[in-house]
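So you can see what is in the structure, the chains are spelled out below.
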Amino acid sequence: MELKFILESVLFSAQKPLSLKEIREVFASAPEHAEGDETARALKKVKEDDLSAALEQLAREHEEAKRSYRLACVAGSWQFVTQPEYAPWLKALVGHKIRPPRLSQPALETLAIIAYRQPITRAEIEQVRGVAVDGVMQTLIERGLVEQVGRAEVVGRPMTYGTTAVFLEYFGLSNLEGLPAADELRRIPVQKPESLVTAEPGLATVPPEQLALPTEEPKAAEEPGPTSEGG
């Protein structure tokens, strides 16, 4: 019994996409449901590399067979999916799932910057785009495409952002390595501030009341100088 066919049966019967970790858990539990089955015992501790190789081979074979469905890895999880050209009949069968409205051009531009430059702060995103991104960032976070991932190692330790598993699912990517090449975007220099440079809402790295703003010394009154008449 080949590993790839066991995987095919598991994924065909699964009610949701399965990650490599979840597939390994299935193999680890299989001997409990198969007394005396040597294959189940032999594959109890199957390695992730072997699973990946078998899954990729299975995906190639289904692609070459030109069936109405294929095996796909999306956001790190494997599942069988139908080919897009069969969508009209499937929608008639199960109903059309209402999807959120499409992302606007500013949202797509901001999302691209985050995807290729993550982890990245809001101020750095605005340096690249040249405009404020408060509203756009709120939309991306609410849609689950972007999330807070940590804090930058600069003064004020502003929050950094990165993409999520929902982002991978939205664009049908297995992982971030599947993103198209964007060397030009990666080469745009982003200056990390050595000190706080702004208290503008959405850009300040700490609340404005905590900013140590320089006090301006009063200027000494200037004595009137001699006047001269033109002649």
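Shown above is the structure to which this text applies.
Residues numbered from 1 in each chain as written. Predicted model: local features only at pLDDT ≥ 70, side-chain atom pairs only at ≥ 80, totals over all residues. Heavy atoms only, no water.

A.B. asks: Honestly, the overall build of the chain in this entry has me stumped. Any pointers?
C.D. replies: Looking only at helices and strands, the chain has 10 helices and six strands in total. Counted over contacts in the chain with a minimum sequence separation of 6, partners at least 24 positions apart contribute 53%. Counting every atom, the chain has about 16300 Å² of accessible surface; 53% of that belongs to carbon and sulfur. (Helix = DSSP H or I, 4+ residues; strand = E, 2+ residues; numbered from the N terminus. Contact = heavy atoms within 4.5 Å. Areas by Shrake-Rupley, 256 points an atom, 1.4 Å probe, with all protein chains shown as cover.)

A.B. asks: Mind showing me how you'd approach the pairing of strand 3 (residues 77-82) here?
C.D. replies: When a strand is regular, its side chains alternate between the sheet's two faces. When strand 1 (residues 18-19) meets strand 3, the two strands line up antiparallel, connected through two bridges. By the bridge assignment for strand 3, Ser19 is matched with Ser77. With six bridges connecting them, strand 2 (residues 69-74) and strand 3 associate as antiparallel partners. Across the sheet, the residue bridging to Cys73 is Trp78, located in strand 3. Counting the residues in the hairpin turn of strand 2 and strand 3 gives two residues, including Ala75, whose phi is positive at 55 degrees. (Pairing = 2+ DSSP bridges.)

A.B. asks: Would you take a moment to explain the pattern of salt bridges for this structure?
C.D. replies: Opposite charge on two side chains permits them to pair, given that their charged atoms come into close proximity. Using the criterion set out here, one finds six salt bridges in the structure. With its nearest N and O atoms 2.7 Å apart, the salt bridge here joins Lys16 to Glu22. Assessed through its relative accessible area of 44%, Lys16 is described here as partly exposed. Judged by relative accessible area, which is 27%, Glu22 ranks as partly exposed. Residue Arg41 pairs with Glu38 through a salt bridge whose shortest N-O separation is 2.5 Å. With Arg41 and Glu38 both in helix 3 (residues 38-42) and three residues apart, this pair spans about one turn of that helix. For Glu38, a relative accessible area of 52% translates into the label exposed. (Salt bridge = Lys/Arg side-chain N within 4 Å of Asp/Glu carboxyl O. Buried < 20%, exposed > 50% of the residue type's maximum accessible area, 1.4 Å probe, protein only.)

A.B. asks: What exactly am I supposed to notice about the nonpolar core here?
C.D. replies: Nonpolar side chains in soluble globular proteins tend to be buried together. By size, the foremost hydrophobic cluster in this structure holds 24 residues, and its most contacted members are Leu111, Ile114, Ile125, Met137, Leu140, Val146 and Phe167. Of all the elements in the fold, those that place two or more residues in this core are strand 2, helix 6 (105-117), helix 7 (122-129), helix 8 (134-142) and helix 9 (165-171). Ranked by the residues each element gives to this core, the list is headed by helix 6, at six residues. Leaving out residues up to four positions away in the same chain, Leu140 has contacts with Leu103, Ala107, Thr110, Leu111, Ile114, Leu145 and Val146. Counting 19 residues, the second largest nonpolar core, distinct from the first, contains Leu3, Leu43, Leu51 and Cys73. (Core = buried A, V, L, I, M, F, W, Y, C linked by side-chain atoms within 4.5 Å.)

A.B. asks: Help me understand helix 5 (residues 87-94) in this model?
C.D. replies: Owing to its 3.6 residues per turn, the α-helix aligns residues three or four sequence positions apart on the same side. Little of helix 5 is tucked away: zero of the eight residues are buried. Once helix 5 finishes, Gly95 follows within two positions and takes phi at roughly 90 degrees, a positive value.

A.B. asks: What exactly am I supposed to notice about the environment of Glu8 here?
C.D. replies: The topology assignment puts Glu8 in helix 1 (residues 3-13). Since its relative accessible area comes to 23%, Glu8 is described here as partly exposed. If near-sequence neighbours (up to four positions away) are discounted, Glu8 is found in contact with Leu58, His62 and Phe80.

A.B. asks: I'm lost on unusual backbone geometry in this one. Help?
C.D. replies: Residues other than glycine predominantly adopt negative phi, and peptide bonds predominantly adopt the trans conformation. Here Gln118 and Pro119 are connected by a cis peptide whose omega angle stands at -5 degrees. Within the fold, Pro119 resides in the loop between helix 6 and strand 4 (120-121). If you check the backbone angles, Lys66 has positive phi at about 55 degrees while not being a glycine. Along the chain, the position of Lys66 falls in the loop between helix 4 (48-65) and strand 2. By relative accessible area, Lys66 is classed as exposed at 71%. Backbone geometry at Ala75 places phi at a positive 55 degrees, although glycine is not the residue there. As for its placement among the helices and strands, Ala75 is situated in the loop between strand 2 and strand 3.

A.B. asks: Please explain helix 4 as it appears in this structure.
C.D. replies: The end-to-end C-alpha distance of helix 4, which contains 18 residues, comes to 26 Å, matching closely the 26 Å that a straight helix rising 1.5 Å per residue would cover. For helix 4, the complete set of buried residues consists of Leu51, Ala54, Leu55, Leu58, Ala59 and His62. Down the axis of helix 4, the smallest arc covering the buried residues is 140 degrees, so these residues share one side. In helix 4, the exposed residues that point more than 90 degrees away from the buried face are Asp49 and Glu64. Directly beyond the C-terminal end of helix 4, a positive phi value near 55 degrees is found at Lys66. (Expected span 1.5 Å × (residues − 1). Arc of directions from axis to C-beta.)

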